[in-house]
Each structure stands twice: as C-alpha cells, then as structure tokens.
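A closer look at the structure
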Amino acid sequence: MELQLNRNRPLIMHIDLNSCFATCTQQAFVHLRGKPLVMVAYDTPNGCVLSPSIEAKRFGVKTGMTLREARLLCPSVISRMTDTVMVRDVHIKFKKIFKDYSPNVSPKSIDEAVIDFSDMEKVLKNRSLTDIGNEIKRRMRAEIGEWISCSIGISTNRFLAKQAAGLKKPDGLEIITHENLRQVMDKLTLIDLNGINIKFQARLNIHGIHTPLQFLDAPMDKLKKQVFQSIVGYYWYKRLRGWEVDDMDFKRKSIGQDYALSKKTADPQELSKILMKLSEKMGRRLRRHNLTARGIHVAMIYDDWTYWHRARQTDRDMFATMELYRAAQLIFNQQPESKVVSKLSVSCYDLEPCGNSQMSLFDAPSDKIRKVSEAMDKINDKYGEFVVTPALMMGMEDTVIDRIAFGAVKELEDLYSTQ
C-alpha cells in the first residue's frame, strides 16, 4: 500500500550553528572576524582542519583537509586550536534559548539541535514557526554574540528539517512541506541527502535510482526487498515522505574515551600515563551518571595502520578511576607485541545503576577508594578539570588534550547533567 506524503503541519525545527568552532572563536577574538580562519586538531602542517570559517570556505577549504592543504588554497588562512570550554559554553547557552520555546529539545551534535513543537499549541497560537525561527536568530546574536549565526530548517520530521537547514547556508531559514518537497528534491543529488554516503549511492544506482526524486518515487517493496534488503528500506521510504522514524532514544550501552597521539610512541610508561588520564575522564562520566561498569575494552591503532583490541569482563562492579585503570592496564599488557601507538581508546560497558550493585561486607578498602573518587570529582567540578589528580597523571596537563567529538550526543548529555 502506497504511503502518501505527510501533510501535517511542520512542527520540527533543526538549528545548525554556522561554522561553529570558527565562529565561536571569531566571536571571542574580534581581530579574527571577517578573516579566513581554520580550527585545527593540531597547529602543524599535517593538523586536521576541524572547522573552516565562512570566509575560509569561500576559498574551498573544507573540514578534513590538512592545514598544509588549506594554506595551498588560501595562503592567508589563520589557524587556531579550539577552546573547548568556550564552545561548550555556547552550546549550553543556545540550548537554554531553545528551552524557552519547547521542553522537547534534543542535541544532535555540539553545533546542532532539534526542537519538537508538537503539543505546543500555546506557543504557536499567534505566530508561525518561521516567526519563532527568526526570533531565535535574533536572540542568539543578542544573548550569545553578534557574530553567532545559525541556519534553521522546518519540516514534519527530523530528516527533512535537517535537509531544509542546509539549503541556504549560512544564516538561512527554510521550510520543507508536502507542497514543495518535489521541487526541493529536484535540485539535490543523492549525496546531498543526509545519511546517504557513497556506498549507499552505489547501492541505489545499481537499482536504477540516480536522483532524489527517483528515490522518493521508488516503491516501498523495492527499497526494502531489493535495494537495502532490510527494514532500513522501509525507514527510508517513510523518511523521504516526511514521516518520523528518527525520534529514538537509545539506552546508553558504554562510556569511552580515545586519543590520537600527537607524538606517537611505543614507550609503555608513557602509554600507561595516557591510559590513566583516559580512565579518569571516562570514570568521571561514569560517576556523573551514577553508573558502574562490569566490562572494559581497550583498543589501539598502531603507526603501521594495524589494529589490536581486547575486551574483558570483571567479576565485580567498577566505579572508581583506579578500578577502571587497573582493568584497562591488565588488557593493555596483553598486547602480542610492543609497537608504536598512534591512537589509544578505552571504554567501559555492561553498565548498571549504582543502586543495583551489591557491596560486599569485606569491600571496605574499595568503598574508601570510591568515596575518594567522588570527593575528587566534586573538587574538579568546582575548581576546574584535573585540579586534583592521581600521582601518575602529574605533569600531563598538555597530554590528552580536551576534544569535542562531533555528533557525540551522549557526551552532550553528560555536559547538561553538570549544569
């Protein structure tokens, strides 16, 4: 049975900060405004461009390039490393603005959020979502900074709202409804559709689908049984027609940290220090959610591009940093050979609320360690990250630099829980 286009009133708004990292830096440093700027992972020729400013994009500079490549396109480009505290502060401020319009605000990444206006009749009684969108733009400039701009998309589901937000960047505001859906699709390519990568494009091409309009017109059975050969085809069939299939809240399954080493090394002592700091960052997030873990996973990418990982479940709940670190170090020591490491990752899984864990009468030393960890967390929350640290982490202020993970929604939830 054919599913019609969603003709309901568009009540989903997607907000996307324009060139977030670069724009936030230009807001803070007036002398950088209007100049080509790139935010980089490391300020070296091979450092990866994380966010080019609007001005740099006009020269063809893109996310993922190296700084060397960016300078070939734009010799005058300025490079800076991201102030993560500042960017997170901007994210928190714009989320507070959104909350004034609807309680249903979902972060999609550090620079994107979705506002659901369903059941918000009072807010929409005398004005449209276009009016609200323009008001949000004005408030962001007035309350966060005059250099801050965003693109806004409005539609009947999250997919089309995000698509609308990308139609006229920077600083656009567009609506996609059943009335203009075909016109919008006719101007796009398959790769322009959010969620369609080169692999999916090839799969669609094999079955005679080369444009978004052909994708929209494809029968559900063809997408489900031939193209995607799974329920994914049915989801795309609904998604393209404006019906919601992406409003899902998944239970947290793991908490992890990873670090790409600026100075690659095979020194076990140096790697153990990094492992400790990753365990501390991971442990703080675990405790912030009042969770314990039963499993630890350690993974490494070596300088020769080979990969090794191993997971291990423990016979007791882990909560304190030292408990997590000991389990991770035990796995780390099981490497089949010592090689130069370029990236180190650690995560904990099999999570349970602390109240569900049973403490043994003979676990007094462990109980003390956990109380010390909680006390250290409170001090660091109040006075700043790593004011109090384990002795092994002394002198590591510039090691495992704070990063913002793109699309790390769970990390953003951690951020809100501290406010």
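A few points on the structure. Everything numeric here is computed off the predicted structure, so don't read it as measured data. (Residues numbered from 1 in each chain as written. Predicted model: local features only at pLDDT ≥ 70, side-chain atom pairs only at ≥ 80, totals over all residues. Heavy atoms only, no water.)

Overview of the environment of leucine 3
- With respect to the element layout, leucine 3 can be found in the segment before β1 (12-17).
- Each C-alpha atom of the pair leucine 3 and tyrosine 237 lies 8.4 Å from the other, and the pair is 234 residues apart in sequence.
- When neighbours within four sequence positions are excluded, leucine 3 is seen to be in contact with Tyr237, Lys238, Arg241 and Trp243. (Helix = DSSP H or I, 4+ residues; strand = E, 2+ residues; numbered from the N terminus. Contact = heavy atoms within 4.5 Å.)

Re the sheet that holds strand β11 (residues 307-318)
- Overall, antiparallel pairing links the four strands, which are arranged β9-β12-β10-β11 in an open sheet. Edge strands, defined here as strands with exactly one partner in the open sheet, are β9 (254-265) and β11. The mean angle between the axes of side-by-side strands here comes to 15°, regardless of whether they run parallel or antiparallel.
- Together, β9, β10 (291-302), β11 and β12 (341-353) form the strand contacts of helix α12 (residues 268-288), whose direction differs from that of β9 by roughly 155°.
- Across the sheet, helix α13 (residues 321-332) lies against β10, β11 and β12, angled at about 140° from β11, the strand it touches most. (Pairing = 2+ DSSP bridges. Axes fitted to C-alpha atoms, helices over the stretch in contact; angles between N-to-C directions.)

Concerning unusual backbone geometry
- The linkage connecting lysine 169 with the following residue, proline 170, adopts the cis geometry, with an omega of -5°.
- Not every positive phi belongs to a glycine, and aspartate 171 is a case in point at roughly 65°.
- Tracing the backbone through its elements, the reader meets aspartate 171 in the loop between α6 (158-165) and β8 (173-175).
- With relative accessibility at 33%, the residue aspartate 171 sits in the partly exposed group.
- Phi at asparagine 290 takes a positive value of approximately 55°, unusual for a residue other than glycine.
- Mapped onto the elements of the fold, asparagine 290 is located in the loop between α12 and β10. (Buried < 20%, exposed > 50% of the residue type's maximum accessible area, 1.4 Å probe, protein only.)

Some words on the packing of aromatic side chains
- Following the criterion strictly, the structure yields six aromatic pairs and no others.
- Seen from their ring centres, phenylalanine 200 and phenylalanine 228 are 5.4 Å apart, and the 90° between their planes marks the pair as edge-to-face. Linking phenylalanine 200 in helix α8 (residues 198-206) with phenylalanine 228 in the loop between α10 (220-227) and α11 (231-240), this pair joins segments that are 28 residues apart in sequence.
- The ring of tryptophan 236 has arginine 239 sitting right over it, with the charged end atom 4.5 Å from the ring centre. (Phe/Tyr/Trp six-rings, centres within 6.5 Å; stacked < 30°, edge-to-face > 60°. Lys NZ or Arg CZ within 6 Å of the ring centre and 35° of its normal.)

What to know about the pairing of β12
- Here β9 pairs with β12 via eight bridges, running antiparallel. If you follow tyrosine 259 over to β12, its bridge partner there is leucine 344.
- Bridging between β10 and β12 involves eleven bridges; their strand directions are antiparallel. If you follow valine 298 over to β12, its bridge partner there is valine 346.

Description of the nonpolar core
- Ranked by internal contacts, the top residues of the largest apolar core, which has 69 residues, are Met13, Phe98, Phe117, Met140 and Ile296.
- Broken down by element, this core gets its largest block of residues, seven residues, from α12.
- Excluding its chain neighbours within four sequence positions, the residues that come into contact with phenylalanine 98 are Ile15, Val105, Ala113, Ile115, Ile136 and Met140.
- One finds Leu204, Ile209, Ala218 and Trp236 within the second-largest nonpolar core, a separate group that totals 23 residues. (Core = buried A, V, L, I, M, F, W, Y, C linked by side-chain atoms within 4.5 Å.)

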